[in-house]
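# Architecture at a glance
These are the residues of each chain, in order.
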Amino acid sequence: MAASQERGKQLGNDDCFADYFKEEYSIVKEAEIRRRMEDSIAKVSNGLSVSKFEATILLVHYKWNVKNVVDAWSGDEKEARKKAGLPVKPLCELPDLGDVFCGICLEYHPVDGMKSTKCGHPFCDDCWSRYIKMAIAE
């Protein structure tokens, strides 16, 4: 008798708990795991404009869930960096010159409402969040 059936009998019902205690597993080869990890690293690295090293640290912290990384990053980049143990201060600081032009929506925004990529191009928070979500979805 299977363990789930035995447990069901102990609880007084042969069938009602059988599915509850049934666990499904599939065997994944090491090469497939490595490929999936590399795909996730590339998605996060490209989508968030961070290095592969930073993407790996974020993925480890968020248990290799790309969606959770993107959601945390979109919600509050500094907090996501802090939680994952990455430097909070960005490598490229935008100068405080008043309003800054967003190359996506073609509007000016205050500096505190902007993000900057590694290459130094500034984008407003809304455009940056939409870009990240679309890049990850692809």
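This write-up is about the structure you can find in this document. (Residues numbered from 1 in each chain as written. Predicted model: local features only at pLDDT ≥ 70, side-chain atom pairs only at ≥ 80, totals over all residues. Heavy atoms only, no water.)

With that settled, the discussion passes to the nonpolar core. The biggest cluster of nonpolar side chains holds 25 residues, and the ones touching the most others in it are Val44, Leu48, Leu58, Val69, Trp73 and Ile132. Contacts of leucine 48, omitting those with residues within four sequence positions, involve Leu58, Val69, Trp73, Trp128 and Ile132. (Core = buried A, V, L, I, M, F, W, Y, C linked by side-chain atoms within 4.5 Å. Buried < 20%, exposed > 50% of the residue type's maximum accessible area, 1.4 Å probe, protein only. Contact = heavy atoms within 4.5 Å.)

So, about unusual backbone geometry. In this structure, lysine 63 takes a positive phi of about 55° despite not being glycine. Note on placement: lysine 63 falls in the loop between α4 (52-61) and α5 (66-75). On the basis of relative accessible area, lysine 63 is assigned to the exposed category, the value being 72%. Located in the positive-phi region is tryptophan 64, a residue other than glycine, with phi close to 60°. (Helix = DSSP H or I, 4+ residues; strand = E, 2+ residues; numbered from the N terminus.)

Here we take up the environment of glutamate 32. Within the secondary structure, glutamate 32 is located in helix α3 (residues 30-48). Given a relative accessible area of 25%, glutamate 32 falls into the partly exposed group. Within polar-contact distance, the side chain of glutamate 32 engages the side chain of arginine 36 at 2.9 Å. (Polar contact = N/O pair within 3.5 Å; in protein donor to acceptor, adjacent residues only side chain to side chain.)

Moving on: the side chain of histidine 109. In this structure, histidine 109 sits in strand β2 (residues 108-110). Those residues within four positions of histidine 109 in sequence are excluded, and the remaining contacts are Gly98, Asp99, Val100, Cys102, Met114 and Cys124.

Attention shifts here to the pattern of salt bridges. Inspection of every chain in the model, using the stated rule, returns seven salt bridges. Taking the shortest distance from any N to any O, the salt bridge between glutamate 30 and arginine 34 comes out at 3.1 Å. With glutamate 30 and arginine 34 both in helix α3 and four residues apart, the pair spans about one turn of that helix. Judged by its relative accessible area of 56%, glutamate 30 is exposed. When its relative accessible area of 47% is taken as the criterion, arginine 34 is described as partly exposed. Close ionic contact of aspartate 39 with arginine 35 constitutes a salt bridge, the shortest N to O distance being 2.5 Å. Of the two residues, aspartate 39 and arginine 35 both sit in helix α3, four residues apart, roughly one turn of that helix. A relative accessible area of 36% places aspartate 39 in the partly exposed class. Exposure remark for arginine 35: the relative accessible area of 40% places this residue in the partly exposed category. A single network of salt bridges, built from pairs that share partners, joins Glu32, Arg35, Arg36 and Asp39. (Salt bridge = Lys/Arg side-chain N within 4 Å of Asp/Glu carboxyl O.)

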